[in-house]
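# Overview (structure and organization)
The residues making up each chain are set out below.
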Amino acid sequence: MNNFEELNLNAELISAITELGFVKPTPIQELVIPVLLDSNRDLVGLAQTGTGKTAAFGLPMIQKTDTSIKQTQGIILSPTRELCIQITKDLKSYSKNYKNLRVTAVYGGSSIETQISELQKGTHIVVGTPGRTLDLIKRKKLNISKINTVVLDEADEMLSMGFKEDLNSILETTPESKQTLLFSATMPAEISRISAKFMKNPLEISAGDKNVTAVNVKHIYYEVQARDRYEALKRIADVNPKIYGIIFCRTRRETKEIADKLIQDGYNADALHGDLSQAQRDSVMGKFRSKHLQLLVATDVAARGLDVDDLTHIINYNLPDENDVYIHRSGRTGRAGKSGISLSILHMREKHKLRAVEKMIGRKFDKLLVPSGKEICEKQLFKLVENVEKVEIDESQIAPFLDVIYKKLEWLNREDLIKKFVSVEFNRFLSYYKGAKDLNQVCDPREERKPRQPKERRDRSERQTEFGFSRLFINLGSSTNLNPSSLIGLINQYTRERNIDIGRIEIMKNFSFFEVDSSFEKIILKAFKDASFNDIPIVAELANPKQSIQNTKTPSNFTRKENFKRKENFSKRKKIGKKRRD
Ligand code: ADP
Ligand code: MG
């Protein structure tokens, strides 16, 4: 297939997308568009990030809309406000030749009144976040009882953000006869469950291996000591003076910290995370898109699905807890056939995670050495020289000063003059990197020979709860299908809070630990009181990180038998625990 005409798209659509530079359909578009134009069958579309899923569902949706009826005919649900705005913008540009077709975005953090008045003008396609959409339905301002199509975009992310209940309630108000489309880059078990629940005999279409990242993305890693992570990040930025990328961190707290440090250290960086007001988020995204910011430090949720052109690098400040998150992250670069680099800063204990990611994406990571001070200085020097070569001279503005300047520098010959000009900027790097140490982690053979403690025990004894965070125990683990995203989903679902800062999560076989912002500790424990997960009543309590592992039995060094007993005696023990804490 080499053009859009063969997919039976209308001339109006084709001329609009041609203007956008779409020459031929991407694989997922080629597979999905004809099915959607032709039938009303439910469909699950899986394709890696950046492969044009928006047009795959958007173009048929537009073509099938009857603009002579003033009625909402389709709704697209997506996890974040930024994505809603992006999808709306995409749909508007695809439908620019359909004069009467209206697309309306509804999302939280923005005036609901304005959105209501937009809806009241009549709209054909609504793009919404689950929370705001449900709110508008409840207020009877949005009626989707007669729609033909529902799209769940980035469905896995909506679930892990705890929108399951909202989705349930929204879908209940839609007609039986509608067509349901679900799009995602990955297919976790949760998605299979949701498709079984909400969809009728869906056709599953996947373009390419759903667990494979774009072939034009290079995956590399640096291995450093945990304490040198930030220093390594700076060197990576310094050795790539033209870097334009996203740095992914695991928590909002880390995101803020890293962005603040980078700004302080003079980098052109800013943070994007859920604690910012909408106006702040818009301003950060605006600066980043227009390339006034080189580095965007972001959480996964904030940056999910965002389509920013021409990113050179994705930086994994640490590897994500879940492997498929890596695919989403690296999918931010190498979009629409361009090349990109996804790099990860690791410390030795993360090596096993790396192997797991390699296995999943079917690609090997290349190890690079963290650049030395000398290499960075060299690179910066050449960038400076290139800038000098390329700089445009504003003759008229500079002319009045030149005579005096020439006079003042008269005594310098050409070589000295060049050296001096270049050094003005270069000295900063030279002095910073003077005597800079080698950050590459060298494996100490004695370490290798040390007898290894059982894994869980070793991890626990090495870990300390972050300042301001509380460490909680929960009686669910991998054996009960808990994973980091379902844990976050549970917290969101039962607390009905979406702004809880969550730190390290350790999922073990029969139980898990997680760190949360201490100010939410009580709220979470209370919310989990009568809660359950897959019909298992949840038991959560404060883990006591201060007690030494040698002296006290913590849940991780209970034997299996003890663990069982422990569950039985839970209420009794809880009282004892309380006393002990007092
Ligand atoms: P996904 O939802 O799969 O992550 P998007 O729909 O956001 O991907 O598309 C990624 C980028 O590719 C966008 O910038 C989009 O404009 C561009 N794109 C989509 N389809 C095509 C096409 N057929 N030809 C060229 N570019 C395309
Ligand atoms: Mg998308």
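Quick caveat: nothing in here was measured; it's all calculated off a predicted structure.

## Quick notes on the overall build of the protein chain
Secondary structure assignment for the protein chain yields 24 helices and 20 strands. Counting across all 582 residues of the protein chain, residues that qualify as buried make up 49%. Counting only contacts in the protein chain whose residues sit at least 6 apart along the sequence, the fraction spanning at least 24 positions is 76%. With the model as given, the accessible surface of the protein chain reaches about 29600 Å², and the carbon-plus-sulfur share is 51%.

## Thoughts on helix α3 (residues 53-64)
Under the 1.5 Å per step criterion, the end-to-end length of α3 is 17 Å for twelve residues, consistent within 8% with the ideal 16 Å. Among the twelve residues that make up α3, eleven are buried, leaving the element largely enclosed by the rest of the structure.

## So, the pairing of strand β13 (residues 340-346)
Counting buried residues along β13, six of its seven residues qualify, which places the element largely inside the surrounding structure. With four bridges connecting them, strand β12 (residues 313-316) and β13 associate as parallel partners. Bridge pairing links Ile 314 to Ser 342 in β13.

## Focus on the sheet that holds strand β16 (residues 502-507)
With antiparallel pairing, four strands are arranged side by side in an open sheet as β16-β17-β15-β20. Edge positions in the open sheet fall to β16 and β20 (540-542), since each of these has one partner strand only. Between one strand axis and the next, the sheet turns through 25° on average, direction left out of account. In this fold helix α21 (residues 484-495) packs onto β15 (469-474), β16 and β17 (512-517), with an angle of close to 125° to the strand it touches most, β16.

## Let's talk about the pattern of salt bridges
Per the stated rule, a full pass over the model turns up 25 salt bridges. A salt bridge links Glu 19 to Lys 96; its shortest N-O distance comes to 2.5 Å. Highlighted residues: Glu 19 in helix α1 (residues 11-19) and Lys 96 in the loop between α4 (81-94) and β3 (103-106), separated in sequence by 77 residues. What makes Glu 19 exposed here is its relative accessible area of 57%. Put simply, Glu 358 and Arg 355 hold a salt bridge, and the shortest N to O gap is 3.0 Å. Taken together, the positions of Glu 358 and Arg 355, both in helix α15 (residues 351-361) and three residues apart, correspond to about one turn of that helix. Under the relative-accessibility criterion, Glu 358 is labelled buried at 6%.

## Topic: the site of ligand 1
Looking at ligand 1, there are 16 residues lining it, with Gln 29, Gly 50, Lys 53, Thr 54 and Asp 307 nearest. Lys 24 places a main-chain nitrogen or oxygen 3.0 Å from a nitrogen atom of ligand 1. In the model, an oxygen atom of ligand 1 is placed 3.2 Å from a nitrogen or oxygen of the Gly 52 main chain. When ligand 1 is considered free in solution it has 570 Å² of accessible area, and contact with the protein chains removes 86% of it. Residues of the shell around ligand 1, tallied by class, amount to four nonpolar, eight polar and four charged. In terms of domain composition, the shell around ligand 1 takes at least three residues from each of domain 1 (4-206) and domain 2 (217-372).

## With respect to the packing of aromatic side chains
Enumeration according to the criterion identifies nine aromatic pairs in this entry. Each ring, one from Tyr 326 and one from Phe 365, has its centre 5.4 Å from the other, and the planes form 45°; the classification is tilted. Pair noted here: Tyr 326 is in helix α14 (residues 323-330) and Phe 365 is in the loop between α15 and β14 (366-367), with a separation of 39 residues, a long-range link. Taking the relative accessible area as the measure of exposure, Tyr 326 reaches 0% and is therefore buried. Assessed through its relative accessible area of 5%, Phe 365 is described here as buried. Ring centres 6.2 Å apart and planes at 75° place the aromatic pair Tyr 494 and Phe 528 in the edge-to-face group.

## With respect to the sheet that holds β14
Two strands in a sheet stick together by hydrogen bonds in their backbones, pointing the same way (parallel) or opposite ways (antiparallel). Sheet architecture is open: seven strands sit in the order β10-β11-β9-β12-β13-β8-β14, paired in parallel fashion. Of all the strands in the sheet, just β10 (269-272) and β14 have a single pairing partner and so form its edges. When β10 meets strand β11 (residues 295-298), the two strands line up parallel, connected through four bridges. If you follow Asp 270 over to β11, its bridge partner there is Leu 296. Across the sheet, helix α10 (residues 229-239) touches β8 (217-223), β9 (245-248), β11, β12 and β13, and the angle it forms with β13 is around 155°. Of the strands in this sheet, β8, β9, β12 and β13 are in contact with α14, which crosses β12 at around 155°.

## Some details on the confidence of the model for the protein chain
Overall, the prediction assigns the protein chain a mean pLDDT of 83, with 86% of residues at 70 or greater. The element-level mean pLDDT for the protein chain is lowest in helix α19 (residues 445-449), coming to 38, with strand β4 (residues 125-128) highest at 97. Taken as a whole, residues 443-462 scores under 50 in pLDDT and shows 18 contacts with residues more than four places along the chain or in a different chain. When the criterion is pLDDT under 50, residues 547-563 qualifies, and its contacts beyond four places in sequence or with other chains add up to 27 contacts.

## Side note on the pairing of β17
The two faces of a sheet get side chains in turn, since along a regular strand they alternate between them. Counting buried positions along β17 gives five out of six residues, so the element sits mostly inside the fold. The loop that links β16 with its antiparallel partner β17 comprises four residues.

What counts and what doesn't
Residues numbered from 1 in each chain as written. Chains lettered and ligands numbered in written order. Predicted model: local features only at pLDDT ≥ 70, side-chain atom pairs only at ≥ 80, totals over all residues. Heavy atoms only, no water. Helix = DSSP H or I, 4+ residues; strand = E, 2+ residues; numbered from the N terminus. Buried < 20%, exposed > 50% of the residue type's maximum accessible area, 1.4 Å probe, protein only. Contact = heavy atoms within 4.5 Å. Areas by Shrake-Rupley, 256 points an atom, 1.4 Å probe, with all protein chains shown as cover. Expected span 1.5 Å × (residues − 1). Pairing = 2+ DSSP bridges. Axes fitted to C-alpha atoms, helices over the stretch in contact; angles between N-to-C directions. Salt bridge = Lys/Arg side-chain N within 4 Å of Asp/Glu carboxyl O. Near = heavy atom within 4 Å. Polar contact = N/O pair within 3.5 Å; in protein donor to acceptor, adjacent residues only side chain to side chain. Nonpolar A, V, L, I, M, F, W, Y, C, P; charged D, E, K, R; others polar. Domains from an automatic or database assignment. Phe/Tyr/Trp six-rings, centres within 6.5 Å; stacked < 30°, edge-to-face > 60°. pLDDT = per-residue confidence, 0-100.

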